[in-house]
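One-letter residues, chain by chain:
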Amino acid sequence: MSKTAKRVVDIVLSLAIATFIIYNYNPNSNLLSFGKDRQNLQALRSSKGDVYGFSLDSFHVEKNNIIKKNEFFGGILSAYGMTANLILLLEHEAKDIFNIRNIQAGKKYHIIKKNECDDKPVAIIYEPDNYKYVVYDFRDSINVKLVEKEIELCQATVHGVIEGTLWKALEKEGVHPSVIDLMEDALSSSVDFYHTQKGDEFRLIYENKYIDGDIVGVGKLIGASYSNDGGTSYSMLYNTKDGDGYFDAEGRPAKKAFLKAPVKFSRISSNYNLRRFHPIKGKTVPHLGTDYAAPYGTEIRSVADGVITNASYTGGNGNYVKVKHDGVYETQYLHMSRFAKGIKPGTRVKQGQTIGYVGSTGLSTGPHVCFRFWKKGKQVNHLKENLPAALPMNMTELPTFYKHRDQVINRLNEIEPAANSKANKKVNPA
Ligand SMILES: [Zn+2]
């Protein structure tokens, strides 16, 4: 059996979602093309295959044991008849790969035996998270290895209606909630996600990330539509000469040249104010930035593409980063607990890229980012600025985009609500 075939064997299809197609990455024209169809998947899945590198024809696997509270790996191993010496040896061998002292209650482990009636396992598999597993193999000498699991991307579609919140509607349709972030990226220029209404409808073409048959997250959002009183808005992912982005039906970019805030889910704790009373200095000092309060360690993102010009420390600013975006605009982020990896003068950053983490270094009374917006060398209030729009798609790219757009919109419009398709199934006599 091929490697790909082995990987797919374990995938179990969730009935909640209508379409699953193995998806081969390629920009645009292939965004909507299907790799393998569902029948192929089914055929691959019917053979016995491997789990964690052990052939099910030759081994017996006791899957999905859970590490209990106050349970140690050594204890589990000795319960399976392993000697103290062997456990010590294993601990030593595993130290630099995955320390057996780091196992956690609630995580999964699997026992591999030669035969079902054997007491002693030939290997134990531990899963520190959904994305990888550790093999402790005792067959010859002790062998320990960390294996990254393969992520399988499958396209899915959904058509939902909002009754309470968008989150509830997605949950009802079995969609991983992380798709909300992508919907915001794709549609927030035309849809106000803070004021969704009962009866609003959405349709999505997106990718599910599968590991071992479980949905662990969402890959790309390929197309989305949202209908409310104001009509229907479309947005689709498209690869232009300048990179990937979401575009509306007219080919206008969904993103803004500048994000509104350098931290997600934050609140403004102090506005730009030329006559602010400074809490630490005890006198009126103009506040030339906007403060965003957020917990320690929250990711701080660059509000636009640019180049880092400064990543250093001063007594007032604490750890701060300054980014130059173009000939006019620069932004500055103060009081960071630390910089993100690789952030130093000369580094190119993309909009939304993490450049540091919220802290309270320098003259600061609590965890926040003081965000400073520079225009031609002067600090201004970014909330009052008329900021430039994102660059439009090059005119020469529009005809090809329109073809792609029509395909995406046609597919979106064909997506049936899952509730109806389920009802139809029930009605059909067996
Ligand atoms: Zn400030």
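See above for the structure.
Residues numbered from 1 in each chain as written. Predicted model: local features only at pLDDT ≥ 70, side-chain atom pairs only at ≥ 80, totals over all residues. Heavy atoms only, no water.

Colleague: Just checking my understanding: could you explain helix α7 (residues 398-414) for this structure?
Modeller: In an α-helix there are 3.6 residues to a turn, and that puts residues three or four apart on one side. The end-to-end C-alpha distance of α7, which contains 17 residues, comes to 24 Å, matching closely the 24 Å that a straight helix rising 1.5 Å per residue would cover. Among the residues making up α7, those that are buried are L398, F401, H404, R405, V408, I409, R411 and L412. All buried residues of α7 project into a common sector of 160° when viewed along the axis, lining one side. Exposed residues on α7 whose side chains face more than 90 degrees from its buried face are P399, K403 and E414. Buried positions along α7 lie against β9 (152-161), β10 (201-211), β11 (214-228), β12 (231-240) and β13 (243-247). (Helix = DSSP H or I, 4+ residues; strand = E, 2+ residues; numbered from the N terminus. Expected span 1.5 Å × (residues − 1). Buried < 20%, exposed > 50% of the residue type's maximum accessible area, 1.4 Å probe, protein only. Arc of directions from axis to C-beta. Contact = heavy atoms within 4.5 Å.)

Colleague: Looking at this structure, how should I read the sheet that holds strand β8 (residues 143-148)?
Modeller: Paired through their backbone hydrogen bonds, the strands of a sheet run either parallel or antiparallel. Ordered in space as β4-β5-β6-β7-β8, the five strands form an open sheet in which the pairing is antiparallel. Strands at the two margins of the open sheet, each flanked by one partner only, are β4 (60-66) and β8. Neighbour to neighbour, the strand axes of the sheet diverge by 20° on average, direction disregarded. (Pairing = 2+ DSSP bridges. Axes fitted to C-alpha atoms, helices over the stretch in contact; angles between N-to-C directions.)

Colleague: Which parts of the structure should I look at to understand the pattern of salt bridges?
Modeller: Between side chains of opposite charge, a pair can form when the charged atoms approach closely. One pass over the structure, following the stated rule, counts 13 salt bridges. For D129, the salt bridge goes to K132, with nearest N and O atoms at 2.7 Å. Accessibility expressed as a relative area gives 27% for D129, which makes it partly exposed. The exposure class of K132 is partly exposed, given its relative accessible area of 22%. K375 is paired through a salt bridge with E385; the nearest N and O atoms lie 3.2 Å apart. One end of the pair, K375, is in strand β22 (residues 368-375); the other, E385, is in the loop between β23 (378-380) and α7, and 10 residues separate them in sequence. (Salt bridge = Lys/Arg side-chain N within 4 Å of Asp/Glu carboxyl O.)

Colleague: Teacher, can you tell me more about the coordination of the zinc ion here?
Modeller: In a perfect tetrahedron of four donors around a metal, the angles come out at 109.5 degrees. In a perfect octahedron of six, they are 90 or 180 degrees. With distances of 2.0 to 2.2 Å, the protein atoms coordinating the zinc ion are H287 (NE2), D291 (OD) and C370 (SG). Positions of the donor residues of the zinc ion along the chain correspond to the pattern H-x3-D-x78-C. Remark: C370 occurs in strand β22 and H287 occurs in the loop between β14 (267-270) and β15 (290-293); sequence separation between them is 83 residues. Side by side, H287 and C370 carry an identical accessibility label, which is buried. (Donors = N, O, S within 2.8 Å, 3.2 Å for Na, K, Ca; no water.)

Colleague: Looking at this structure, I do not really get the pairing of strand β6 (residues 123-129). What am I missing?
Modeller: Every regular strand shows the same layout, with side chains that alternate between the two sheet faces. The buried fraction of β6 amounts to six of the seven residues, a majority that puts the element mostly inside the structure. Where strand β5 (residues 108-113) meets β6, five bridges bridge the pair, whose relative direction is antiparallel. Paired with I112 across the two strands is A123, which belongs to β6. Where β6 folds back onto strand β7 (residues 132-137) in an antiparallel hairpin, the turn is made up of two residues.

Colleague: Sorry, what's going on with unusual backbone geometry here?
Modeller: Note: most peptide bonds trans; most residues except glycine with negative phi. Despite not being glycine, N64 shows a phi value in the positive range, around 60°. Within the secondary structure layout, N64 lies in strand β4. Classification of N64 by relative accessible area gives partly exposed; the value is 43%.

Colleague: Please clarify how helix α4 (residues 84-94) should be interpreted in this entry.
Modeller: Where α4 is concerned, the buried positions are I87, L90, E91 and A94. The arc that holds the buried residues of α4, viewed along the axis, is 100°, so those residues lie on one side. Relative to its buried face, α4 has exposed residues pointing more than 90 degrees away, namely N85, L88 and H92. Looking at the packing, one finds that the buried side of α4 touches α3 (73-79), β7 and β8.

Colleague: Whenever I open this one, the packing of aromatic side chains confuses me. Can you help?
Modeller: How two aromatic rings sit relative to each other is given by the distance of their centres and the angle of their planes. For the structure shown, the criterion picks out 16 aromatic pairs. Look at F73 and Y126: their rings are 6.3 Å apart centre to centre, the planes differ by 65°, and that puts the pair in the edge-to-face class. You can see F73 sitting in helix α3 and its partner Y126 sitting in strand β6, a full 53 residues away along the chain. Classification of F73 as buried rests on a relative accessible area of 1%. Residue classification places Y126 among the buried positions, given a relative accessible area of 1%. Here the aromatic rings of F193 and Y226 are separated by 5.7 Å at their centres, their planes lie at 75°, and the arrangement is edge-to-face. Of this pair, F193 sits in the loop between α6 (179-187) and β10 while Y226 sits in strand β11, and the two are 33 residues apart along the sequence. Residue F193 is classed as buried on the basis of its relative accessible area, which comes to 16%. Taken together, F258, Y292, Y329, Y333, F371 and F373 form an aromatic cluster joined through their ring pairs. Taking NZ or CZ as reference, R338 lies 4.1 Å from the ring centre of Y357, over its face. (Phe/Tyr/Trp six-rings, centres within 6.5 Å; stacked < 30°, edge-to-face > 60°. Lys NZ or Arg CZ within 6 Å of the ring centre and 35° of its normal.)

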